[in-house]
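A look at the structure
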Amino acid sequence: MSSLCKELVTLQLGHYSNFVGTHWWNLQDASLSEELGEINSDVAFREGRTIDGQVTYTPRLIAMDLKGSLQTLRQEGCLYSTNKESSPISWEGPVTMHQESPVSKNPFLLDLDKLETGVLLAQVDSSDQANSSGAFGAGSVNRQLERVAKSYALEGSVRVWSDFLRIHLHPRTVSVIHQYNHGGETHRLEAFGQGEPLLQGPVLEDVEDRLHFFIEECDNLQGFQVLCDLTNGFSGLGSKVTELLQDSYGGKGILTWGMVPVTHPDTTPMKDIYHVINTALGMVHMANNSSFFCPLTLRGGLGRRPGPPVAFPHLTYDPSLWYHSSSVLALALDALTAPCRLRQNGVPVGQMADLLTGSGRKVVAAYGAVPLPMMQGATLPDALSSCADALPWRPLSTCPDGGGGQCFAQLLTLRGLDEQRLVSRALNGPQAPNALHGLKSGEDVLASYMASFYPTGDLAMHLLSSPSLLTPPFPRVFSSDLGEQGCLQSRYLAPGAVPPTVSSVPVLSCLQSGPALGPWLAELHRAVGALNIRRLAPSFLSQGPELSEYEEALEQLRLLARCYRDDNRGAAHFSSEDSNDDSDD
C-alpha cells in the first residue's frame with residue numbers, strides 16, 4: 001500500500017473517554033520528534049496557521065464534555081487568540097461585581113505556563129531562552145519538556161483530563177454540552193435516553209459544523225475513530241453520533257471504542273443498574289452503526305458485580321484513579337490503532353474492520369501485554385518462549401481469552417523491538433533452544449507462537465521497531481523491576497535505591513474475533529434481561545427509550561451473541577424456529 005496519507009478524524013465523547021484520549025494524544029506528541037518515523041503523524045494531526053502566520057500542528061479532534069468539566073482549559077484554546085484587548089462597553093446603569101477565585105493549577109500546568117513565556121527554559125539554561133523551532137502546538141512542548149527533564153506526581157491533583165493535557169487544541173475541538181453538569185447532584189447525564197435526543201438542534205449543528213471543518217481539509221479521509229463513554233448518557237449520544245457518521249460519510253471506516261472506568265465516583269446501587277443498561281444499549285447501537293465496536297476497560301466485568309480489576313505483572317497502577325487506568329488503556333490503544341497510522345503499508349480502518357467482522361460479528365475484543373515481559377537484551381523468541389503455557393496479554397474488554405483454541409480472526413501489533421531483537425541470536429539446528437529460535441523473521445516467530453494457541457483463523461500482524469515513548473506527565477505505574485526501556489532488569493535494586501524512570505515500553509496488542517465473544521455477550525444479555533426495569537429503574541424509561549425499543553435492543557444483543565457460534569451462523573441465518581432456544585444464553 002502506498003505511503004499516501006489517509007487522514008483520520010477522532011471524536012471523544014465523555015469525560016473518561018477524554019481521559020484516555022488525553023493520554024493517547026500525549027503519546028502521539030512524544031513521537032513527533034521522530035522525523036519520517038514508522039507512524040505518520042499527519043494521519044491524526046493537522047497543520048494550520050494563526051492570524052499572525054505562526055504554523056500550528058494540532059489534533060484533528062472533536063472532544064465533547066459537560067458543563068464544568070474543563071477547569072483551567074479555555075474552550076477555544078489560546079493558539080488562535082489575537083491577544084487584543086476588547087473595546088470597552090458603555091453602560092450607565094448600576095454594576096454588580098462578582099469575584100470568583102481562579103481554579104488552582106497543578107505543578108505540571110504551572111510549568112506549561114512557564115514554557116509559554118520561556119521562564120522555565122531560562123531557569124534551566126539561562127543562555128538559551130528561545131522557543132523550539134518548527135510548528136507550535138504538538139511536538140514543541142515535548143521538546144522543551146525533554147530539556148527541562150522534570151517528572152510529576154499528579155495523583156492527588158488531577159481532577160479533570162485537561163489537568164495533564166500538554167498539547168494545544170484547535171478552537172474547533174472542544175464542544176461543551178451546557179444542558180448537563182459534570183459535577184453536582186442535579187442535571188447529570190446518566191441515562192442512555194438522555195443522550196440520544198441531545199444530537200438535534202444546536203448540538204447537532206455544532207457537531208456537523210466541527211465535522212465539516214476537519215473533513216473538508218482532508219485529501220484522503222480514511223474514516224473516524226470514536227472514543228465514547230459506555231456507562232452513562234454519552235452512550236446514547238454516541239449511538240446518534242455514529243449513526244450520523246454512517247449516514248453522512250458512507251463508505252468511510254468507523255472504529256468505535258467503548259470506554260469504561262474501573263470505578264465510578266459516588267456510585268449507588270441504582271446508578272450501577274443504569275451503568276449496565278447503558279452499556280448494553282450503547283454496545284448494540286454503536287456496533288450497528290460502526291465498522292466495529294470494541295469495549296476498552298480494566299474493570300473485571302461489565303455487570304453490576306465485576307471481578308477484581310485487570311492485573312498486569314509489571315504495573316502498579318491504582319485502579320481507582322482515572323488518571324492511572326486511562327494511561328494503561330491509552331498505551332494499549334496506541335498499539336491497537338497503529339496499523340491505520342503507519343507511514344508504509346498502513347491498513348485503513350475499513351480494512352481493519354473487514355478482517356475482523358465477518359458474518360455480522362461487529363463486536364471485537366482487545367487484549368494487551370502492557371508491557372510485553374522480557375529481559376533486558378532478550379529477543380522476541382526468548383520472551384515468547386517464557387510464555388509457552390499462556391499468552392502474555394491480559395483482557396482489555398473483560399472478555400476472557402478462550403474459545404477452545406478457536407479464533408475467527410486476529411490483528412496483532414508489536415511495538416518496541418528493533419530488527420535485531422525479533423529473531424534469536426542462538427545457533428540454528430539442534431543447538432537452538434526451541435523452534436521459535438530457529439525462525440528467520442519476527443513475523444514467522446509471532447505467527448508460529450500464535451498458531452500454538454490458535455491453529456485456525458485469519459491472522460494479520462504489524463511489527464514496529466519504535467516503542468511507545470513515555471514523557472511527562474505520564475504517571476508512574478511501572479514496577480521497580482523495569483529498566484528505562486521497559487524491560488526487566490537482571491539485577492535487583494539496592495535497598496533505598498531510586499528505580500530508573502521508564503521512558504519507553506514494548507507493547508503487544510491484539511484485536512480478536514472468536515467464539516469466546518458469544519458467551520460473553522450472552523452473559524451481558526442475561527444480566528440486563530434479568531432486571532425488571534419497570535420496577536427497579538422506572539426513571540430510566542421515563543427519559544427514553546420506549547419499552548418496545550428497549551426490548552428490541554435486548555433482542556438484538558441476544559442475536560449478536562449467536563453470531564459468534566463456531567458453526568459460523570450469522571444473525572442473517574437465525575430463523576424464527578430458534579427464537580425460543582436459549583441454550584446459549
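As a starting point, this report considers the structure included with it. (Residues numbered from 1 in each chain as written. Predicted model: local features only at pLDDT ≥ 70, side-chain atom pairs only at ≥ 80, totals over all residues. Heavy atoms only, no water.)

1. A closer look at the overall build of the protein
Worth spelling out the cut-off: Strands are runs of DSSP state E lasting at least 2 residues, helices are runs of H or I lasting at least 4, and numbering of each runs from the N terminus. Residue exposure (1.4 Å probe, protein chains only): buried if accessible area is under 20% of the type maximum, exposed if over 50%, otherwise partly exposed. When checking whether two residues touch, look at their non-hydrogen atoms; a contact exists if any pair is within 4.5 Å. With residues, only the protein chains shown are counted as cover, and all accessible areas are computed by Shrake-Rupley using a 1.4 Å probe.
On a plain count of helices and strands, the protein comes out with 16 helices and 16 strands. Looking at the protein as a whole, 55% of its 585 residues are labelled buried. Counting only contacts in the protein whose residues sit at least 6 apart along the sequence, the fraction spanning at least 24 positions is 80%. For the protein, the computed accessible surface area is about 25,200 Å², with 50% contributed by carbon and sulfur atoms.

2. Some details on the sheet that holds strand β10 (residues 365-369)
Pairing between the strands of a sheet is mediated by backbone hydrogen bonds and can be parallel or antiparallel. What counts, and what does not: A strand pair is defined by DSSP finding two or more bridges across the two strands. Only the stretch in contact is used when a helix axis is fitted, and all axes are lines through C-alpha atoms; the angle between N-to-C directions ranges over 0 to 180 degrees.
Pairing is mixed across the open sheet formed by 5 strands, whose spatial order is β11-β10-β16-β12-β13. Two strands close off the open sheet at either side, each with one partner strand: β11 (394-395) and β13 (458-464). Inspection of the sheet shows strand β12 (residues 409-415) paired to β13 by 7 bridges, in the parallel sense. Residue pairing in the sheet places R415 in a bridge with L464 of β13. Packing against the sheet, helix α9 (residues 322-336) makes contact with β10, β12 and β16 (507-513), and its axis sits at approximately 70° to β16.

3. Observations regarding the nonpolar core
Rules: Throughout, nonpolar core names a set of buried Ala, Val, Leu, Ile, Met, Phe, Trp, Tyr and Cys residues whose side chains join them through atoms within 4.5 Å.
The biggest cluster of nonpolar side chains holds 96 residues, and the ones touching the most others in it are L11, L211, F224, I277 and V363. A per-element tally of this core places helix α8 (residues 269-289) first, with 10 residues. Once you skip the residues sitting within four places of it in the chain, L211 turns out to touch L11, I62, F224, L244, L245 and Y249.

4. Considering the pattern of salt bridges
Basically, it comes down to this: A pair is scored as a salt bridge if a Lys or Arg side-chain nitrogen falls within 4 Å of a carboxyl oxygen belonging to Asp or Glu.
Scanning the model with the defined rule gives 12 salt bridges in all. Connected through salt bridges with shared partners, the residues D334, R341 and R415 form a single ionic network.

5. Quick word on the packing of helix α7 (residues 234-248) against α8
Helices that pack against each other are described as a pair by the angle of their axes relative to one another and the distance between those axes. Using the following cut-off: The scheme is simple: roughly parallel for angles under 35 degrees, roughly antiparallel for over 145, roughly perpendicular for 65 to 115, oblique for anything else. Each residue gets one label: Ala, Val, Leu, Ile, Met, Phe, Trp, Tyr, Cys and Pro are nonpolar, Asp, Glu, Lys and Arg are charged, and the others, such as Gly, are polar.
In the contact formed by α7 and α8, the axes pass within 9 Å of each other and the chain directions differ by 5°. Between α7 and α8, the angle falls in the class roughly parallel. Note on element contacts: α8 touches α7 through N278, G282, H285, M286, N288 and N289, opposite S235, G238, S239, T242, E243 and Q246. Taken together, the residues of the contact of α7 with α8 sort by class into 1 nonpolar, 10 polar and 1 charged.

6. Describing the sheet that holds strand β7 (residues 223-229)
If you walk across this open sheet you meet the 6 strands as β6-β4-β1-β7-β8-β9, and the pairing is parallel. For this open sheet the edge positions go to β6 (174-181) and β9 (292-297), each flanked by a neighbour on one side alone. Across the sheet, the mean angle separating the axes of adjacent strands is 15° when strand polarity is ignored. Across 7 bridges, β7 lies against strand β8 (residues 253-260) in parallel orientation.

7. Let's talk about helix α12 (residues 442-451)
Think of an α-helix as turning once every 3.6 residues; residues three or four places apart then point the same way. The cut-off we apply is this: For this quantity, the arc is that covered by the directions from the helix axis to the C-beta atoms.
Taken together, the buried positions of α12 are occupied by G442, V445, L446, Y449 and M450. The buried residues of α12 all sit within an arc of 125° when viewed along its axis, so they share a single face. Considering only its buried residues, α12 is in contact with α11 (380-385), β12, β13 and β16.

8. Considering the packing of helix α1 (residues 15-30) against α9
Note the following rule: Helix crossings get a hand from a simple test, with the near helix turned counterclockwise from the far one by less than a right angle marking a left-handed crossing and a clockwise turn marking a right-handed one.
Orientation of α1 relative to α9, taken along the N-to-C sense of each, is 55°, at an axis distance of 8 Å. The angle between the axes of α1 and α9 places the two elements in the oblique class. Note that α1 runs across α9; the crossing there is right-handed. Across the interface between the two elements, H15, Y16, F19, V20, H23, W24, L27 and Q28 of α1 pack against W322, Y323, S325, S326, S327, L329, A330, L331, L333 and D334 of α9. Classifying every residue of the contact of α1 with α9 gives 11 nonpolar, 6 polar and 1 charged.

9. Looking at α7
In plain terms, the rule: For a helix, the expected span equals 1.5 Å multiplied by the residue count minus one.
For α7, which comprises 15 residues, the first-to-last C-alpha distance of 20 Å matches the rise-based estimate of 21 Å (1.5 Å per residue) to within 8%. The set of residues buried in α7 consists of F234, S235, G236, L237, G238, S239, V241, T242, L244 and L245.

10. Concerning the packing of aromatic side chains
Worth spelling out the cut-off: To pair, rings of Phe, Tyr and Trp, with the six-membered ring standing in for Trp, must have centres within 6.5 Å; the planes then decide the type, stacked if under 30 degrees apart, edge-to-face if over 60, and tilted in the middle. Here, over-ring charges are defined by two tests on the NZ atom of lysine or the CZ atom of arginine: distance to the ring centre within 6 Å, and angle to the ring normal within 35 degrees.
Going through the model one piece at a time under the given rule, you end up with 15 aromatic pairs. Seen from their ring centres, Y16 and W322 are 5.0 Å apart, and the 75° between their planes marks the pair as edge-to-face. Here W322 lies in helix α9 and Y16 lies in helix α1, a separation of 306 residues in the sequence. With respect to burial, Y16 and W322 carry one shared label: buried. Of the aromatic side chains, those joined through ring pairs into one cluster are Y16, F19, F164, W322 and Y323. Across from the ring centre of F408, 3.7 Å away, lies the NZ or CZ of R361, which sits over that ring.

11. Side note on the pairing of strand β4 (residues 61-67)
Across the 7 residues of β4, 6 count as buried, placing the element largely inside the fold. In this structure, strand β1 (residues 8-13) lies alongside β4, joined through 4 bridges in parallel fashion. Paired with T10 across the bridge in β4 is L61. Note that β4 and β6 share 5 bridges and pair parallel. Following the sheet pairing, M64 is matched in β6 by S175.

12. Some words on the environment of K67
Looking at where K67 falls in the secondary structure, it is placed in strand β4. Placed 110 residues apart in sequence, K67 and I177 show a C-alpha to C-alpha distance of 6.0 Å. With near-sequence residues (within four places) excluded, K67 lies in contact with V176, I177, H178, Y180, N181 and H182.

13. Thoughts on the pairing of β8
We apply this condition: Throughout, right-handed denotes a crossover for which the path from the first strand over the helix to the second runs clockwise when the strands point away from the viewer.
Most of β8 is tucked away, with 8 of its 8 residues classed as buried. A two-sided burial pattern is seen for β8, the buried positions comprising G253, L255, W257 and M259 on one face and I254, T256, G258 and V260 on the other. Considered for its hand, the β-α-β crossover made up of β7, α7 and β8 is right-handed. Pairing analysis gives 6 bridges linking β8 to β9, with the strands arranged parallel. Within the sheet, the bridge partner assigned to M259 lies in β9 and is L296. Between the parallel pair β8 and β9, the chain is carried across by α8, and the sense of this crossover is right-handed.

14. A few points about unusual backbone geometry
Most peptide bonds adopt trans geometry, and most residues besides glycine take a negative phi value. Put simply, V370 and P371 share a cis peptide bond, and its omega is -10°. Position of P371 among the secondary structure elements: in the loop between β10 and α11. The omega torsion of the bond from P472 to P473 falls at 10°, within 30 degrees of zero and hence cis. Tracing the backbone shows P473 in the loop between β14 (468-469) and β15 (504-505).

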